[in-house]
Amino acid sequence: MTVQTYSSFRQTDPAMPNDHTLACARIVAIVARHRNVRHEAILTHSRSRKPVAVARQIAMYLSHVLLEISMTDVGRYFGRDRTTVAHACAVVEDMRDDPATEREIALLEKAILGFATVRRAPCSYNSQLERVHGH
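So, here is what we can say about the structure in this document. This is a predicted model, so every value here is computed, not measured.

### Some thoughts on the packing of helix H5 (residues 71–78) against helix H6 (residues 82–95)
Each pair of packed helices can be described by the angle between their axes along with the distance between the axes. Relative orientation of the contacting elements H5 and H6 amounts to 100°, with a least axis distance of 8 Å. In this view, H5 runs roughly perpendicular relative to H6, as classed from their interaxial angle. Along the contact surface, H5 presents Met71, Thr72, Val74 and Gly75, while H6 presents Arg82, Val85, Ala86 and Cys89. Here the residues of the contact of H5 with H6 sort into five nonpolar, two polar and one charged.

### With respect to unusual backbone geometry
In this structure, Asn36 takes a positive phi of about 60° despite not being glycine. A positive phi angle is found at Glu68, which is not glycine, with a value near 60°. Structurally, Glu68 can be placed in the loop between helix H4 (50–66) and H5.

### Digging into the environment of Arg82
Here Arg82 lies in helix H6. Exposure remark for Arg82: the relative accessible area of 47% places this residue in the partly exposed category. Placed 12 residues apart in sequence, Arg82 and Ser70 show a C-alpha to C-alpha distance of 8.6 Å. Leave out the neighbours within four places in its chain, and Arg82 touches Met71 and Thr72.

### Describing the nonpolar core
In terms of nonpolar packing, the biggest core is built from 32 residues, with Val31, Ile42, Ile58 and Leu62 touching the most fellow members. Only helix H2 (21–35), helix H3 (39–43), H4, H5, H6 and helix H7 (99–116) provide two or more residues apiece to this core. With nine residues, the single largest contributor to this core is H4. Beyond its immediate sequence surroundings of up to four residues, Ile42 is in contact with Val28, Val31, Ala32, Val37, Val52, Ala55, Arg56 and Phe78.

Each value, and the rule that gives it
- Residues numbered from 1 in each chain as written.
- Predicted model: local features only at pLDDT ≥ 70, side-chain atom pairs only at ≥ 80, totals over all residues.
- Heavy atoms only, no water.
- Axes fitted to C-alpha atoms, helices over the stretch in contact; angles between N-to-C directions.
- Helix = DSSP H or I, 4+ residues; strand = E, 2+ residues; numbered from the N terminus.
- Parallel < 35°, antiparallel > 145°, perpendicular 65-115°, else oblique.
- Contact = heavy atoms within 4.5 Å.
- Nonpolar A, V, L, I, M, F, W, Y, C, P; charged D, E, K, R; others polar.
- Buried < 20%, exposed > 50% of the residue type's maximum accessible area, 1.4 Å probe, protein only.
- Core = buried A, V, L, I, M, F, W, Y, C linked by side-chain atoms within 4.5 Å.

Below you can see the structure in the form of structure tokens.
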């Protein structure tokens, strides 16, 4: 099965909302679950402790890079400025130099693209996570 990008999927599915709210919300849910932080904490407008801040940076990065949503629109969803999104993207790119973090981001990308592909079987996110973390 070939994996579609989210933007190409949206162009073929008229039921998909015109804005990026649903896509960003799904990414936040996936990242929050994976990083074991509260969904609401990622979206808070105040500064957060490091685990929440890193989860937010990853969610911003995936929203922009993987789903091709503009930094301005990503920032709008997260209640941040586009320069904050640019900083988050740079931080996550640097984090990807670590092999464990690279595997983690790749797993999140697969989970997100699994959501964006047309009517496929449920994502085996939990079993993939268990293999990465050895649970």
